[in-house]
Structures are given as C-alpha cells and as structure tokens.
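Summary of structural features
Now for the letters of each chain:
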Amino acid sequence: MIQKRCLRGRVILVFLAAFIPVTAGHAVDIDASPLFSYESLGDAYTFRGLGPILEFSEHSSAVRPFYHTDRETSRTEILYPLGSFSNERSMFVPFYRSTGDQEDHPHTEFFPVFSGRYKDKAYGGVFPLYGTMYHRFGLDEARFVLWPLYSKTRLGDIETCTVLWPVFSYSEGRLLRVFPLYGQEHKPDDSSSAFFLWPVFLCERGPDRKMDAVLPLFRYARGSTYRNISVLWPFFSYNRDFAAGHMSADFPWPLVRAASGAYEETRVFPLYWSKTEGSSYSMKTVLWPVWFSRSHHYEDTGTDEKTVSVLLVNRVSEKTTRDGQTHRRVILWPFLYTSREGSTSEWHFPALFPLFFDKGFASTWGPVLSLAEGAADKDLASARTSILWRTISWEKTGDKTKWSVSFLASSTRTPGERQWGFLGNLLTFRQDIAASAP
C-alpha cells in the first residue's frame, strides 16, 4: 500500500512538472491571481491564495486578517490589534501580557494571575485576591489583599497603607486621607496639601508656592515670581510670571485666550488659534476643524516635524532628521494613503483606516482593505503595483520586470530574454532579445 501511494505521488509530480515552467535556478511561476499564485527560485518561494488572505514564504506566513508572523523580526500578530507577540513584548488583550526577557525584569500576566522578577526578587499574585509587585507603576514595592479592600505601597522610605481604595489612605507623618471628605499630605520637598469635600476646598503650601481654592468659585496660586487667579474656574483666569515676563488670560476658557512672553498665543475658538514657542514650536488653526498646521523642532535630536490637516482626517506630515533623512506621509481620506521614508515609498487605495504606518495593521488588515497598492525605492531599482489583490500586477526587481493579468497573460523581461505566459503561466514562450535584435 505504501509503495502504491509513493508511486501515485511520483506520477502527480511528473504530471505537474510537464505544465510548470522551469528555468535556470529551478524557477517556478504559476499565476492565477487573485485565486492563487506560486513563485519559487532556489530556496526562496512565495505562495498567495484567496487574494490577500493566504500568504506563505520563507520569511513570513499569514492568514489575514487573523494571523501574521514575520520570522525575520520574530513578530506575530493574532487577531490584530488584540494579539501581538515579539521577543520584547507580547500581549493578547485583555487576558495576557508579557514584557522583558529572562535577563531584563520579566513580567507576565495571564489574567487574573501575574508573576515577574526584579533583579533577584521574584513576585506574583492572583488579582484581586492577593499579590506582590516590585518596581511596577512607579513604585518600589506594592502589596494587596482583596483589592481594593487593602493595599500597601513603598516608594523609597515612604510606606502608604490604603483601605477601600481610594477612600482611606495613611502614611505615618506624611499622608492622611478620607476621600472625598478630608485629606492632607506632606511631601519630601517640604511642601504640603490639604482638601476638604474634594474638589471644593483645596489648599497647597510649598517653599515658594501657595494655593487656595473654593471651586468652582475661585482659585488663587502665588509665589515670589508669579500670580495665578481664576474666577468660576476654569473659565476665567489670569496668569503672570514676572521672572519669565509672561502673561496669559482666558475669558472664557476654552473659547478666548491671549498670551505673550514665554510663548505667544491668540485664540478665538473655533475661528482662529495660533501659538508660538520661539523656534521650537508653532501651531495655527483656522475655522477648526477646517484647517490646522503644526511644526516642532526637537533640539536634542535635531528633528523637525511639520503637519498640515484639513478636516482633521486629511493630512500631510513630514519629519526631517538631523542627517537630512525625510519621512513624508499623506492621507486623503477615504481615498489614498502615501508614505515616503528615506529612499522607499508606498501607497494604498482606499484609505478607510489610514493606519498603514503601524506594522501590525500593515501586515494584517492593510493588504485586505487595499484594492490597489504599490511600493518603490527612490531610483525605481525595485517597484511593485497591485490592483484588486494582484489581479493586475506589475513588478520590477533589479533588471527583471514583470506584469500579469490574472491567469490570462503575463510577461517577464530580463536583459537577455523575454518570457510570455498564458493560462497561469502553464503555457510559456521565450524570446531571446539579443538574438532577435536587428
């Protein structure tokens, strides 16, 4: 029986070999897009099926939009954006999350169970029954039992106990809170704060700061170099910083605002709004959300960013790095998304969800939602265009150029040869270009 099956398999392979075109390097090219296509050359291969749904190659595998894995980056998407897995960070919302590795403070959550390690200390728990954590959420240590019934945290030498969070909190000599009735807190920088019937009565004191408020009637903050007065907070306010030579006023917030000094701002919302902070930041909007522009200059990285948008979703953004590399993105919703980064560019039509800059979206939903797409490098050494999931396609890689119309016809051209294919390339004809030249 086994011998008969082996013989049957050999017969099928011989039969297929009679129809599959083979060239130097054992190349195979079958194209019946969007139903399926298969290309191979040596160890490299690509299989596509059912439009963009199925795709398998030596570098990646995909069953879109449910699953995609990239073996070069060790990144896998499952039911994006719910599941994303990589060497550095993994998650499947809302049940699973893992960060770090065995050497870099690993932390794993498989709700409701969590565990991790910080240096030589292991921790874990079952939320909300019981648990201990080290160096999480900005704290050195946190413990809880039947949360929010009881928890205890430590930051440096400061320990805080909380019962029925956030109602009762206590830290010896530092914090007493019965929320929202009363609370007072003393901080390491010799400042203090207190509230009564939060957020109505508030009071803060510091080395050079005082603040008193009865909200929303008034709020008054002052120091040796500044004054801040609010009436019917936050609608009417006046701020003055004498050291910076800055002044700002809202009357009423957020509709009308004027500022000068440390930054310049004029707002009559939604008619007009502009804000400038020297050469590092500028923003302007006219008839919001009709037109909006913004520019940033980051002195530490030498990066410049500019954005112009019309009706929020139509946007042109550009980022230029210190070494002159430019990344430009254009969104004409819902029709077109284009992006150029360095020497490469890409485009997609339509752009119902213009999230192609996100790797997870681009590898799962992007190919499914794009009726037409393309990519190219700056000098067109490589380029590709696909319409209706490769029903019509054009590709250029180095000296090789290929176009195809589903299974009907295709043409592949290299410097010395042109190949014509029909019926999914089961029938092929080759032409020696050098020999046919006059």
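Residues numbered from 1 in each chain as written. Predicted model: local features only at pLDDT ≥ 70, side-chain atom pairs only at ≥ 80, totals over all residues. Heavy atoms only, no water.

**Considerations on the pairing of strand 5 (residues 54–57)**
What counts here: Exposure is judged per residue with a 1.4 Å probe applied to protein chains only, and the accessible area is read against the type maximum: over 50% gives exposed, under 20% gives buried, and values in between give partly exposed. Comment: elements are numbered from the N terminus, with helices defined as DSSP H or I runs of at least four residues and strands as E runs of at least two. Paired strands, in this sense, are two strands between which DSSP finds at least two bridges.
Side chains Glu-55 and Ser-57 project from strand 5 onto a buried face, and the interleaved Leu-54 and Phe-56 project onto a face without burial. Where strand 4 (residues 44–49) lies against strand 5, four bridges are found, and the strand directions are antiparallel. When the sheet's bridge partners are listed, Arg-48 is paired in strand 5 with Glu-55. As judged from the three bridges shared by strand 5 and strand 6 (residues 60–63), these two strands associate in the antiparallel manner.

**A word on the pattern of salt bridges**
Side-chain pairing between opposite charges can occur once the charged atoms of the two side chains come close. Defined as follows: The working definition used for a salt bridge is a side-chain nitrogen of Lys or Arg within 4 Å of a carboxyl oxygen of Asp or Glu.
A full pass over the atoms with the stated rule returns 22 salt bridges. Across the pair Arg-75 and Glu-77 runs a salt bridge whose closest N-O atoms are separated by 2.5 Å. For Arg-75, a relative accessible area of 29% puts it in the partly exposed group. Take Glu-77: its relative accessible area is 1%, and that puts it in the buried class. Residues Arg-174 and Glu-185 are paired through a salt bridge, measuring 3.0 Å at the closest nitrogen-oxygen approach. Separated by 11 residues along the polypeptide, Arg-174 in the loop between strand 19 (168–171) and strand 20 (175–178) and Glu-185 in strand 21 (residues 182–186) bring together distant segments of the chain. Owing to a relative accessible area of 23%, Glu-185 belongs among the partly exposed residues under this scheme.

**Overview of the packing of aromatic side chains**
Convention followed: For this analysis, a ring pair means two rings from Phe, Tyr or Trp (six-membered ring only for Trp) whose centres lie within 6.5 Å, classed as stacked if their planes differ by under 30 degrees, edge-to-face if by over 60, and tilted for the remaining angles. Charge-over-ring placement is defined geometrically: NZ (Lys) or CZ (Arg) within 6 Å of the ring centre, and within 35 degrees of the ring normal.
Evaluation of the coordinates by the stated rule reveals 17 aromatic pairs. Judged by centre distance (5.2 Å) and plane angle (40°), the ring pair of Tyr-337 and Phe-356 falls under tilted. Residue Tyr-337 is found in strand 37 (residues 336–341), and its partner Phe-356 is found in the loop between strand 38 (344–349) and helix 2 (359–363); the two are separated by 19 residues along the sequence. Note on accessibility: Tyr-337 and Phe-356 belong to one class, buried. Taken together, the aromatic side chains of Phe-114, Phe-127, Phe-144, Trp-147 and Trp-165 make up a single cluster linked through ring pairs. Above the plane of the ring of Trp-273 lies Arg-267, whose end atom (NZ or CZ) is 4.4 Å from the centre.

**What about the side chain of Ser-98?**
Heads up, the condition is: The criterion used for residue contact is that any of the two residues' heavy atoms lie within 4.5 Å.
Within the element layout of this structure, Ser-98 appears in strand 11 (residues 96–99). Taking relative accessible area as the criterion, Ser-98 reaches 14% and is therefore assigned buried. Ignoring any residue separated from it by four or fewer positions in sequence, one finds Ser-98 in contact with Glu-88, Arg-89, Ser-90, His-107 and Thr-108.

**Some words on the confidence of the model for the protein chain**
Put simply, the test is: Known as pLDDT, the predictor's confidence for each residue is given on a scale from 0 to 100.
Summing up the model confidence of the protein chain, the mean pLDDT is 89 and the portion of residues at 70 or higher is 92%. Within the model, the stretch residues 1–25 combines pLDDT values under 50 with 16 contacts to residues more than four positions away or in other chains.

**Examining the environment of Ser-74**
Within the secondary structure layout, Ser-74 lies in the loop between strand 7 (67–70) and strand 8 (75–78). Here Ser-74 falls in the partly exposed class, since its relative accessible area comes to 36%. Placed 13 residues apart in sequence, Ser-74 and Asn-87 show a C-alpha to C-alpha distance of 6.8 Å.

**Observations regarding the environment of His-105**
Structurally, His-105 is set in the loop between strand 11 and strand 12 (107–110). Spatially, the C-alpha atoms of His-105 and Ser-280 are 37 Å apart, while their sequence positions differ by 175 residues.

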